[in-house]
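Topology and contacts: notes
Here is how the chains run, residue by residue.
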Amino acid sequence: MEKIVEEGQNNQTRIETAAANFKYVLVGVFFGIVFVKSEVVSWFRIQEMFRLSSFHMYGVIGTAVVVATISTLIIKKFKIKTLQGEEVVFSERPFHKGNIIGGLMFGFGWALTGACPGPMYGLIGSGFFVFIVALASAILGTYAYGILKDKLPH
Amino acid sequence: MDFLRQPWHWSIAGVLIGLTVPILYLIGNKPFGISSSFKHICAACLPSKAPFFDYDWKKESWNLFFVFGIFLGGVVAATLLANPEPMKIAISTHDQLANLGVTQFSQLEPTDIFSFSGLLTVKGFILIVAGGFLVGFGTRYAGGCTSGHSITGISNFQISSVVATICFMAGGFFVTWLILPLIFKL
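Everything quoted here is computed from the prediction, not taken from an experiment. (Residues numbered from 1 in each chain as written. Chains lettered and ligands numbered in written order. Predicted model: local features only at pLDDT ≥ 70, side-chain atom pairs only at ≥ 80, totals over all residues.)

Quick word on the overall build of chain A
Looking only at helices and strands, chain A has six helices and two strands in total. Reading the helices (α) and strands (β) of chain A from amino to carboxyl end gives β-α-α-α-β-α-α-α. Taking the principal axes of its C-alpha atoms as reference, chain A extends roughly 45 × 40 × 35 Å. Counting the 154 residues in chain A, one finds 57% classified as buried. In chain A, 55% of the contacts between residues at least 6 apart in sequence involve partners at least 24 apart. (Helix = DSSP H or I, 4+ residues; strand = E, 2+ residues; numbered from the N terminus. Buried ≥ 20, exposed ≤ 12 C-beta atoms within 10 Å, placed from the backbone. Contact = placed C-beta atoms within 7 Å.)

Here's what the structure looks like:
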């Protein structure tokens, strides 16, 4: 079953209680520890990546893509159901001009802040509190996009 | 515990980050993606008549629990699992950044720029505030970030995600090599 959905969109049919949401906190904690301990949250590691002076980030992202691809293929092939017994929904993402323009804009921001969205949360937790400002600015950026959306080429 | 405190190897991090994709699919039919959290925070907290923010954000609140977890994970990593050693940075990047004017190299972030005193400088303001704004605007316009497009999208063979990832990298190279030197002269 494939349908058009947005990134991160909840595809579970069953309604979740606050208690059920606790499991996402746990996955987040696990994920946040990996992010910080592998230093992918670091501005320096992002600079090394864009200066081609270290394999680290390419290794992390490349391995993650391979593992995610194999896992996704296994779920599709064996039609593995979710814990709730539902069929997994895989998002179709039709191409639009925003993939290019927005993608370039995110790339600019990535090189400036040295952080994609996930690392921002991890950095705040690690005590780099100035990233609260970066996060607030990112939320404002998303807000600006939401208001201007219809005027932008897609 | 010692090997947990040291910086983790890319292969371990890559496998664990990659596994987040099937974990989220299987525990609740959720496609892995983080930048959507910005949108849900807008929909939940900021006033708007824009149709883009007119949806049931509570149904998507799992994403906010998830990013709250990432924040907590950061707390754990920086306390229980804190690395006692200074940051090791590739020599060529270290020297190029030192030439630009970066002075602090011992932590995850150059604290001369990414700190509240750094925020009050022109370059700090551009890197943190303008950079953050571009991350928020760009990810939503592109329809995802590194997690949503580069990992989840590509693992599901989406052409748009491959295009977006190429553009993320192109934008990053452009700013690193051509724009950062100008910003550091300000």
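Text resumes after the structure shown.
Here we look at the packing of helix α4 (residues 97-113) of chain A against helix α9 (residues 159-185) of chain B
Where α4(A) contacts α9(B), the axes come no closer than 6 Å and their chain directions differ by 40°. As far as their axial angle goes, α9(B) and α4(A) are oblique. Judged by the twist between their axes, the crossing of α4(A) over α9(B) is right-handed. Along its contact with α4(A), which presents N99(A), I100(A), G103(A), L104(A), M105(A), F106(A), G107(A), F108(A), W110(A), A111(A) and L112(A), the element α9(B) presents S160(B), V163(B), A164(B), C167(B), F168(B), M169(B), A170(B), G171(B), G172(B), V175(B) and T176(B). Tallied by class, residues from the contact of α4(A) with α9(B) come to 15 nonpolar, seven polar and no charged. (Axes fitted to C-alpha atoms, helices over the stretch in contact; angles between N-to-C directions. Parallel < 35°, antiparallel > 145°, perpendicular 65-115°, else oblique. Left-handed = near helix turned anticlockwise from the far one by under 90°. Nonpolar A, V, L, I, M, F, W, Y, C, P; charged D, E, K, R; others polar.)

Things to note about the interface of chain A and chain B
At the interface, 107 residues of chain A touch 116 residues of chain B. Of all elements in the fold, only α1 (18-37), α2 (43-50), α3 (56-77), β2 (90-92), α4, α5 (117-125) and α6 (131-148) of chain A reach the threshold of two or more residues within the side of chain A that touches chain B. When grouped by side-chain class, the residues that make up the side of chain A that touches chain B number 58 nonpolar, 38 polar and 11 charged.

A word on α1(A)
Here α1(A) spans 29 Å end to end across 20 residues, near enough to the 28 Å set by a 1.5 Å rise per residue. Listed as buried for α1(A) are Y24(A), V25(A), V27(A), G28(A), V29(A), F31(A), G32(A), I33(A), V34(A), F35(A), V36(A) and K37(A). Structurally, α1(A) contributes buried residues whose contacts are with α5 of chain A together with α2 (10-28) and α4 (62-78) of chain B. Directly beyond the C-terminal end of α1(A), a positive phi value near 65° is found at E39(A). (Expected span 1.5 Å × (residues − 1).)

Points about the nonpolar core
If you look at the biggest cluster of nonpolar residues, it comprises 94 residues, and the most contacted ones within it are M120(A) and F131(A). Residues within four places of M120(A) in sequence aside, it is in contact with A115(A), F131(A), A134(A), L135(A) and A138(A). (Core = buried A, V, L, I, M, F, W, Y, C linked by C-beta atoms within 7 Å.)

Regarding helix α3 (residues 36-45) of chain B
Buried residues dominate α3(B), accounting for eight of its 10 residues. Within α3(B), the full set of buried residues consists of S36(B), S37(B), F38(B), K39(B), H40(B), I41(B), C42(B) and A43(B). Those residues of α3(B) hidden inside the fold are in contact with α5 and α6 of chain A together with α4 and α7 (122-142) of chain B.

Describing the environment of I124(A)
Relative to the helices and strands, I124(A) is located in helix α5. Excluding residues that lie within four positions of it along the chain, I124(A) makes contacts with F129(A), F131(A), I132(A), L135(A), F71(B) and G74(B).

Some points on unusual backbone geometry
For E39(A), which is not glycine, the phi dihedral falls at a positive 65°. For E39(A), the position within the fold is in the loop between α1 and α2. If you check the backbone angles, F157(B) has positive phi at about 55° while not being a glycine. Here F157(B) lies in the loop between α8 (146-155) and α9. A residue is classified by how many C-beta atoms lie within 10 Å of it, and F157(B), with 12 of them, is exposed.

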